[in-house]
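# A structural walkthrough
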Amino acid sequence: MEGPEHPLLAVGLADEPGRTFRVPARWFPDVSANLSIANMDFAEFADAADRSGTFRGFDGD
């Protein structure tokens, strides 16, 4: 749990209950802030996850 690449599990509860993606701690503040102010949807982050199902920012970040 202490490693920088140990990702947290994000689980969708609203529009697509059960949909998941992983979030490394480095990206958690971005995901949390944007979801809490409804600036972005859960699906936008889930759709941007890589092949392993991990969100590592958007292209160009």
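See the structure printed just above.
Residues numbered from 1 in each chain as written. Predicted model: local features only at pLDDT ≥ 70, side-chain atom pairs only at ≥ 80, totals over all residues. Heavy atoms only, no water.

## Quick look at the pairing of strand 2 (residues 20-23)
- Only one face of strand 2 is buried: it carries Phe21 and Val23, and the other face, with Thr20 and Arg22, is open.
- Across 4 bridges, strand 1 (residues 8-11) lies against strand 2 in antiparallel orientation. When the bridges of strand 2 are listed, Ala10 appears paired with Phe21. (Buried < 20%, exposed > 50% of the residue type's maximum accessible area, 1.4 Å probe, protein only. Helix = DSSP H or I, 4+ residues; strand = E, 2+ residues; numbered from the N terminus. Pairing = 2+ DSSP bridges.)

## Overview of a nonpolar patch on the surface
- A cluster of nonpolar side chains, namely Leu9, Val11 and Leu13, defines an oily patch on the protein surface of about 310 Å² accessible area.
- You can see Leu9 is positioned in strand 1.
- Residue classification places Leu9 among the partly exposed residues on the basis of a relative accessible area of 47%. (Patch = residues over 30% accessible without salt bridge, like charges linked within 9 Å, V, L, I, M, F, W, Y side chains within 5 Å. Areas by Shrake-Rupley, 256 points an atom, 1.4 Å probe, with all protein chains shown as cover. Salt bridge = Lys/Arg side-chain N within 4 Å of Asp/Glu carboxyl O.)

## Here we look at the nonpolar core
- Grouped together as the largest cluster of nonpolar side chains are 11 residues: Ala10, Phe21, Val23, Trp27, Val31, Met40, Phe42, Phe45, Ala46, Ala49 and Phe55.
- For this core, the secondary-structure elements that each account for two or more residues are strand 2 and helix 2 (42-47).
- The biggest single contributor to this core is helix 2, with 3 residues.
- Excluding residues that lie within four positions of it along the chain, Phe45 makes contacts with Phe21, Asp30, Val31, Asn34, Leu35, Met40, Phe55 and Phe58. (Core = buried A, V, L, I, M, F, W, Y, C linked by side-chain atoms within 4.5 Å. Contact = heavy atoms within 4.5 Å.)

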